[in-house]
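# Observations on chain architecture
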Amino acid sequence: MTGRDALPDVARAMVLRGPGALELAELPLPQLTEDDALLRVEICGLCGTDYEQFDGKVQSNEYYKPFPSVPGHEPLGLIAAIGSRAAERWAVDVGDRVAVRSSYGCGRCAACLDFDPARCPTRGGTYGFTHVDTAPGLWGAFSEYMYLHPLSVVRKLDPHIPASLAVMFNPLAAGLSWGASVPGTGPADKVVIMGPGQRGLCSLVAALDAGASQVIVTGLGSDQHKLELASELGANHTIVVDGIDPTDQVLELTSGGASVVIDTTPFFEGAFKQAVGMCARRGRIVLAGLKGAGVSAELVPDEIVYKELSVRGVLSMPLPDFHRACELIETGRYPLERLHTHSFPLAQAEQAIATLAGRTGDRAIHVAIEPWSG
Ligand SMILES: [Zn+2]
Ligand SMILES: [Zn+2]
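Since the structure is predicted, the reported quantities are computational estimates derived from the model, not experimental observations.

## Examining the sheet that holds strand β11 (residues 214-219)
One open sheet holds the six strands; their spatial order is β12-β11-β10-β13-β14-β15, and the pairing between them is parallel. What marks the edges here is a single partner per strand, and that holds for β12 (237-240) and β15 (310-313). The sheet shows a mean angle of 15° between the axes of neighbouring strands, taken without regard to direction. In this structure, strand β10 (residues 190-194) lies alongside strand β13 (residues 258-263), joined through four bridges in parallel fashion. What sits directly across from M194, in β13, is D263. Relative to β11, helix α6 (residues 198-209) is tilted by about 175°, and along the sheet it contacts β10, β11 and β13. Lying over the sheet, helix α7 (residues 224-233) contacts β11 and β12, oriented at roughly 170° with respect to β11.

Okay, here's the thing in structure tokens:
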């Protein structure tokens, strides 16, 4: 093993004890073996899952233990120490900058390639959602250091790229999956993206990168800054949907309907009906926004039949899109750092969550925690 000597004995980390109960703690650094490693967390991206976890809305199961835990599941950092077998298996060494996948499993079986760790024969878990009492405790990236399980999936990332751009590997992987690889987007496609959040905007970039001939992004008036960024990134049209059903406008702008509709709106129950209405014949719908239990979304089966639509739900993204996201970031082709609006030091993790959730009045798009700042 290399790199251990210069490290402190403890790491400062935020521990989520229960809903809304986030506190700063010091946790001991793990004793490593030849098969695992320690990450010095450089930056950790936040997404909707972080505030759902904070609010106590993420259900606990075999792979998700929302608390007590060290949250943070979108880490980018430097290898601080690593066992010799892990170094060989991951082809990384001390000092390398790596992006880390949220879930740890084997990363090689069919289930892991599908991003379905529940089916992975070796089993695994999720960073940010592993019980803090499960040794060695540092299972999340709201921390100065994070433990890297032997079955982690890591990829080296160019150390010269600004952290605010490099950290986009996670939402961009989702965008590449939902906006391009899942619906098979290509040059003939007219694409509608419902919701201009970080994943909606990354779906826009993915659709454009796949050559889509037209991309329309919808959002609320309170999303105006996100819709403006969508236009700057290359969206052909944006539609403000407060109080209106944008279906007719989409049909007109697309001269008869979209071939791909991606719904990223959280808890908007009318989304599915609108998505079906916006589609041209044989359109493909990607459903990426959860609507919550008890929401009675109006189903439109006959229209799906008449139009011969394909409907696909997506929860996360397969491994190839994680690698493609890192590659696309390294090309510098898209100014994805424009999505990053806020960084917070570790002790302000709660404010970071509130900012992303829109509870502070800030015009946030992408928010991250930089544990060594401040
Ligand atoms: Zn996330
Ligand atoms: Zn596996």
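Once you've had a look at it, read on.
## Here's the deal with the domain arrangement of the protein
Once the domains are mapped, the protein shows domain 1 (10-167 + 335-369) and domain 2 (172-313). A C-alpha centroid distance of 29 Å is found between domain 1 and domain 2. On the side of domain 2, eight residues touch domain 1, which itself brings eight residues to the contact. For the side of domain 1 that touches domain 2, the residue count by class is four nonpolar, two polar and two charged.

## Comments concerning the environment of S222
By the element assignment, S222 lies in the loop between β11 and α7. Look at S222 and you get exposed, because 11 C-beta atoms sit within 10 Å.

## A few points about unusual backbone geometry
Of the consecutive residues F67 and P68, the connecting peptide bond is found in the cis state with omega at -5°. Mapped onto the elements of the fold, P68 is located in the loop between α1 (48-55) and β4 (75-82). Following A135, the chain continues to P136 via a peptide bond in cis, the omega torsion being 5°. Mapped onto the elements of the fold, P136 is located in the loop between β7 (125-126) and β8 (145-148). If you check the backbone angles, S255 has positive phi at about 55° while not being a glycine. Looking at where S255 falls in the secondary structure, it is placed in the loop between α8 (247-253) and β13. The phi dihedral of E308 is positive, around 55°, even though this residue is not glycine.

Calculation notes
Residues numbered from 1 in each chain as written. Chains lettered and ligands numbered in written order. Predicted model: local features only at pLDDT ≥ 70, side-chain atom pairs only at ≥ 80, totals over all residues. Pairing = 2+ DSSP bridges. Helix = DSSP H or I, 4+ residues; strand = E, 2+ residues; numbered from the N terminus. Axes fitted to C-alpha atoms, helices over the stretch in contact; angles between N-to-C directions. Contact = placed C-beta atoms within 7 Å. Domains from an automatic or database assignment. Nonpolar A, V, L, I, M, F, W, Y, C, P; charged D, E, K, R; others polar. Buried ≥ 20, exposed ≤ 12 C-beta atoms within 10 Å, placed from the backbone.

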